[in-house]
Amino acid sequence: MLVEKNVPLQHCNTFGIAARAETLVRVRGEDDIRHFLADPLWGRQPVFVLGGGSNVVLTGDVAPVVLKMEIMGMRLAQETDRHWIVEAGAGERWHDMVAWTLSRGYAGLENMALIPGTVGAAPVQNIGAYGLELQDRFESLDAVDLATGEQFTLDAAQCAFGYRDSVFKHAPAQPKYWPVQGSAPRGLGLKGRAVITRVRLALPKAWKPDLGYLDLQRKQAEKGVEHPTARQIFDWVCEIRRAKLPDPEVIGNAGSFFKNPTVTPEQCADIIARDPKIVHYPMDDGSIKLAAGWMIDACGWKGKSMGRAGVYDRQALVLVNRGNRHSVDGSVTGGEVMTLAKAIQTSVYERFGIRLEPEPVVV
Ligand code: EPU
């Protein structure tokens, strides 16, 4: 177990915010977590689990012990009649897993190419893009209970996936009944209580392209390919994302900053009466999802800045670092990002009566 003090985190978060970890432990295997928890000095300290840092806003130095997830490895864990079950360590980059599966001939993750972040972070917010979400391919995950050091496995139902949501985003509801050894009971939040170590995905042998998303249909028409391969869809998704979303290595950002809000058909009709052009999608459960990017754009925020925090000029849902993401003094601060985020929330609320909810974790 490697414990480091006063560690710069600027290159461990995709916004490029120059905060530090007072204490950081690199986790390269389940044993590192067990040793950490058994340590008389560290074992009872509050922790903060950091993956690729692609979904966090650091508003200052991090006082809890940062567990930096660096468990690596990818393998074909199992083959069933209908699926390839692939497994990756929490510290692998998500995009590397997508590329690795395709290189082995296991299709099914191509729509989720180029999503920043690690494999271990993917289930936390049930990442998704271009018509597919992690839960559509999820098989199970291994995690370690931070209270007991016990390892347990969760299936999709136990993860309670929702839109950019899972059991890992919710605080434990009844801590006095926790822990239950060997398995996590359903319905209890696991935020701060467990750390994901490995993720298994089920990739269908009978693969079919998923081209339901408008941007992909446009790309297909542009390329003139009637029956694309998974590799072609992978390339198209990479092209679409590169054209629309900033590369975090160059312009710091955390992807979509707000979730797309859902409203009732009545609320939506109300908004349409005032703003007929609002982009909205009916959901299976009867609710309507509104495009937050469209609303922020309609409020005139696209391309605007407050301090060194800005609204990306090609996608208003993405807040960016307009400072130097590689410089300690010149980079955006978490405070600047949150000030801009609050100003956007206020103007969207005043115009549409909708409260936008941030997607990243604010620390
Ligand atoms: N729009 C505007 N102006 C803007 C931005 C968007 O008018 O500045 C309109 C677009 O023209 C489009 C609609 O809003 O009609 C939706 O935009 P887009 O297709 O870009 O998708 P999104 O809803 O903004 C979501 C995810 C992205 C994901 C894309 C593609 C959320 C919060 N975001 O964005 O995920 O890549 O769909 O599937 O669900 C992320 O979560 O970090 C992320 C990047």
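Basis of the calculations
- Residues numbered from 1 in each chain as written.
- Predicted model: local features only at pLDDT ≥ 70, side-chain atom pairs only at ≥ 80, totals over all residues.
- Heavy atoms only, no water.
- UniProt positions renumbered as here; feature names shortened; annotations may be inferred.
- Contact = heavy atoms within 4.5 Å.
- Helix = DSSP H or I, 4+ residues; strand = E, 2+ residues; numbered from the N terminus.
- Polar contact = N/O pair within 3.5 Å; in protein donor to acceptor, adjacent residues only side chain to side chain.
- Phe/Tyr/Trp six-rings, centres within 6.5 Å; stacked < 30°, edge-to-face > 60°.
- Buried < 20%, exposed > 50% of the residue type's maximum accessible area, 1.4 Å probe, protein only.
- Lys NZ or Arg CZ within 6 Å of the ring centre and 35° of its normal.
- Pairing = 2+ DSSP bridges.
- Axes fitted to C-alpha atoms, helices over the stretch in contact; angles between N-to-C directions.

Chemist: Give me the lowdown on the UniProt feature "active site" (unreviewed entry) in the protein, citing residues and values where you can.
Modeler: Here the UniProt-annotated "active site" (unreviewed entry) positions come out as R164, S256 and E359. Annotated residues spanning 196 residues; largest pairwise C-alpha distance 10.8 Å, indicating a single compact cluster. When near neighbours in sequence (up to four residues on either side) are disregarded, R164 contacts Q125, N126, I127, G128, E133, K169, K259 and E359. When you line up the elements, E359 lands in the loop between α8 (334–352) and β20 (361–362). The contacts of E359, once residues within four sequence positions are left out, are N55, Q125, R164, K169, S256, F257, F258 and K259. Engagement of the side chain of E359 in a polar contact is seen with the side chain of R164, the distance being 3.2 Å.

Chemist: Go over the packing of aromatic side chains with me, naming the residues and quoting the values.
Modeler: One pass over the structure, following the stated rule, counts seven aromatic pairs. When the centroid spacing of 6.5 Å and the interplanar angle of 70° are considered together, the rings of F15 and F257 count as edge-to-face. With F15 in the loop between β1 (2–8) and β2 (20–27) and F257 in the loop between β13 (253–256) and β14 (262–263), this pair connects stretches of sequence that are 242 residues apart. Residue classification places F257 among the buried residues on the basis of a relative accessible area of 0%. Here the aromatic rings of F138 and F161 are separated by 5.0 Å at their centres, their planes lie at 75°, and the arrangement is edge-to-face. Taken together, the positions of F138 in strand β10 (residues 138–145) and F161 in the loop between α3 (156–159) and β12 (194–204) put the pair 23 residues apart, joining distant regions of the chain. F161 shares its class with F138; the two are buried. Ring pairs connect the aromatic residues F15, F257 and F258, which therefore count as one cluster. In this structure, K289 packs its charged tip against the face of Y163, placed 3.3 Å from the ring centre.

Chemist: Describe in detail the sheet that holds strand β18 (residues 309–311), supporting the description with residues and values.
Modeler: Pairing is antiparallel in the open sheet, where four strands are placed in the order β13-β19-β18-β17. Bordering the open sheet on either side are β13 and β17 (305–306), each of which pairs with just one other strand. Note: β13 against strand β19 (residues 318–321), two bridges, orientation antiparallel. Counted as the bridge partner of N253 is V320 from β19. Taken strand by strand, α8 contacts β17, β18 and β19, and its axis lies near 40° from that of β18.

Chemist: I'd like a rundown of the side chain of K289, residues and numbers included.
Modeler: On the secondary structure map, K289 appears in strand β16 (residues 288–290). Setting aside residues up to four positions removed in sequence, K289 forms contacts with Y163, N260, P261, T262, V279, H280, Y281 and M283.

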